[in-house]
Amino acid sequence: MPHYTPPVRDTRFVLEHVVGLDRYADQTGFDTATPDVVEAVLEEGGRFVAEVLFPLNLSGDQQGCTRHPDGSVTTPDGFKEAYRQFVESGWATLGNHPDYGGQGMPHVVSTAFQEYMISANMAFAMYPGLTHGAIAALTAKGSPEQKATYLPKLVSGEWGGTMNLTEPQCGTDLGLIRTRAEPQADGSYAITGTKIFISSGEHDLTENIIHLVLAKTPGAPDSSKGISLFVVPKVLVEADGSLGARNAVSCGSIEHKMGIHANSTCVMNYDGATGWLVGEEMKGLAAMFIMMNAARLGVGLQGLGVAETAYQNGVAYARDRRQGRALTGAKEPAEKADPLFVHPDIRRMLMEAKALTEGLRALCLWGALQVDLEHRGDAEAADLIGLLTPVIKGFGTDMGYKIATDMQQVYGGHGYIAEWGMEQYVRDARIAMIYEGTNGVQAMDLVGRKLAQNGGRAIQRFMTLVTRKLAEVSPDDGVKAYGEQLKAALGDLQASTMWFLANGMTNPDHVGAGAVPYMHLTGLVAVGLMWLEMANAAARLKAGGDADPFLDAKLVTARFYGERLLPLTGALRRQIEGGADAVMALPPEMFAAA
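Residues numbered from 1 in each chain as written. Predicted model: local features only at pLDDT ≥ 70, side-chain atom pairs only at ≥ 80, totals over all residues. Heavy atoms only, no water.

Visitor: Pulling in residues and values, what's your account of helix α8 (residues 284-320)?
Guide: For α8, spanning 37 residues, the distance from its first C-alpha to its last is 54 Å, which sits close to the expected 54 Å at 1.5 Å a residue. In α8, a bend of some 25 degrees at Ile290 exceeds every other bend along the element. By the criterion of burial, α8 is predominantly enclosed, with 28 of the 37 residues buried. (Helix = DSSP H or I, 4+ residues; strand = E, 2+ residues; numbered from the N terminus. Expected span 1.5 Å × (residues − 1). Bend = angle between axes of the 7 residues up to and from the residue. Buried < 20%, exposed > 50% of the residue type's maximum accessible area, 1.4 Å probe, protein only.)

Below is the structure:
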């Protein structure tokens, strides 16, 4: 059976030495995130997810959700009680605005708790995760009446939220949606259409579910410019806030999925359901992007969360399982075989997992800080998180899936057997590379939109940040050597960016063909920056007399990242500079079997 221990020590190190929470203590919101409060959140939040949510992960996957003839959906055994405890303990309100009943903690602190929740039970974490996206959209675009009606209950966790974009005939290309919104005499709209792949679309955890739905009004352009956003509650809300009649929205079926079985991914049917316009008509895509950007960062966190649990179990198995002898001679001669840990290839997979999970944790938390700073009007932070959102989602989930499969490989045959739990992590991690925009779409967003925005200001700011941090490198010999490796990787990123500028205009396919390698190159440099910060901090603390072995492990892992992972940027650069000619040369009919 798998296990999970929240990595509180590592989170605290990142919050203190990479994020630097103390530097913002005089700002609203941050002033409540005192060291003792943050420690309590991490310790108590970690204990809650480990004791309440994690034990339901395997059983929830095996049981799944059940749709009943009346269209209602029941979550797996134990989920409803766990959600009740989640709400009553106040975890739902952690990072939400006090005006609507939230605790007002910085987003970076709530992100740390969300990682633990995902690691413990990804399918469960998706229910409140979708609600956070609905809260973000309504906070930004909702009318005062809509905010008063929906936000307090969404913030408390008493109601759930969803986002409804995809339809049977369209996914990423939302201009193809057919769901219609007919205006009614009372100012509402009648919403009619079918949405698919709707996570948390119907369930028994909350008494109401607030759906945010993309639809087109009569006469709207037949493109993405004609899309409007509507709030459509499962149960209509009366003027006094009480629940009234059931709305004309129902779950037609539950999707049969590869993983995340305990989350109800639904086909949703809207049969003239009553909804209300959110924001301006035909400005729905911009409103929905508020949810989508929040969701994409959340999905990047899913890549990390699943990878962390898989990694922890890979380490435990490698310690316990005996197989063969070390290449340099028996390490435990009294035993019939040495533990897996003696084999370099097992160490390679475990070290890659350690370097990437700890690096991605730092990047996700640093990214969450940029969200906090953006909300406070910091333009540089807005540029940085705008640039890196597709990287955190795309690179983060690609690496999360790689780590999950590598840890399954550590288990050997047992990794393929359901009772050991590892195959569930592989299945659960796979969806994160697909939903909220496939990773290919994330890469195209990065190279096709983010690089050119504002004259390339965001990528220039990122490169300047890395350059500035390289100038502050520790005098420690190991950290200085790592700094040179990161500098070389940054050079590959700079050269690849310039190659796109020189060649992308003449043939846009060059950009498309190099998009995913560029996203991975950017991800390696971004995580590399995090490792520079962590290595600098560890060296500084050791020089000050701190003998904690945790710091030694940080320095060794930074060395591994520099020697084994950063060199990949050179190969990625060569892929990018190879262009699109060979990629696009073969006629479609030549792909078929003879």
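Visitor: Describe in detail a nonpolar patch on the surface, supporting the description with residues and values.
Guide: Taken together, Leu586, Met590 and Phe591 make up a surface patch of nonpolar side chains, about 350 Å² in accessible area. For Met590, the location among the structural elements is in the segment after α18 (581-584). For Met590, a relative accessible area of 54% gives the class exposed. (Patch = residues over 30% accessible without salt bridge, like charges linked within 9 Å, V, L, I, M, F, W, Y side chains within 5 Å. Areas by Shrake-Rupley, 256 points an atom, 1.4 Å probe, with all protein chains shown as cover. Salt bridge = Lys/Arg side-chain N within 4 Å of Asp/Glu carboxyl O.)

Visitor: An account of the pairing of strand β11 (residues 265-278) is needed here, citing residue identities and associated values.
Guide: Where strand β5 (residues 189-199) and β11 come together, nine bridges link them in antiparallel fashion. Residue Ile191 lies in a different strand from β11, and its bridge partner there is Ala273. Where strand β7 (residues 227-233) meets β11, three bridges bridge the pair, whose relative direction is antiparallel. Residue pairing in the sheet places Val231 in a bridge with Trp276 of β11. With five bridges connecting them, strand β10 (residues 249-254) and β11 associate as antiparallel partners. Note that in β11 the partner of Val249 across the bridge is Tyr270. (Pairing = 2+ DSSP bridges.)

Visitor: I'd like to hear about helix α2 (residues 35-53), residue by residue, with values.
Guide: Along its 19 residues, α2 runs 26 Å from first to last C-alpha, staying within 8% of the 27 Å computed at 1.5 Å per residue. In this fold, the buried residues of α2 make contact with α1 (8-19), α3 (57-63), α4 (79-88), α5 (107-120) and α6 (122-141). (Contact = heavy atoms within 4.5 Å.)

Visitor: An account of the pairing of strand β6 (residues 208-216) is needed here, citing residue identities and associated values.
Guide: As a general feature of sheets, a regular strand has side chains that alternate between the two faces. Of all nine residues that make up β6, nine are buried, and the element is covered over most of its length. Here β6 shows no split at all, with Asn208, Ile210, Leu212, Leu214 and Lys216 on one side and Ile209, His211, Val213 and Ala215 on the other all buried. Relative to β6, strand β3 (residues 159-164) is paired through six bridges, and the arrangement is parallel. By the bridge assignment for β6, Gly160 is matched with Ile209.

Visitor: Lay out the side chain of Ser228 in plain terms, naming residues and giving numbers.
Guide: For Ser228, the position within the fold is in strand β7. Among the polar contacts made by the side chain of Ser228, one reaches the main-chain amide nitrogen of Met282 at a distance of 2.7 Å. With residues up to four places along the chain from it excluded, the contact list for Ser228 reads Val213, Leu214, Ala215, Thr217, Leu277, Glu281, Met282 and Gly284. (Polar contact = N/O pair within 3.5 Å; in protein donor to acceptor, adjacent residues only side chain to side chain.)

Visitor: Kindly report on the pattern of salt bridges, identifying the contributing residues and their values.
Guide: Evaluated as defined, the whole model comprises 36 salt bridges. Across the salt bridge formed by Arg361 and Asp10, the nearest N and O atoms sit 2.8 Å from each other. Linking Arg361 in helix α9 (residues 344-375) with Asp10 in helix α1, this pair joins segments that are 351 residues apart in sequence. Residue Asp10 is classed as buried on the basis of its relative accessible area, which comes to 6%.

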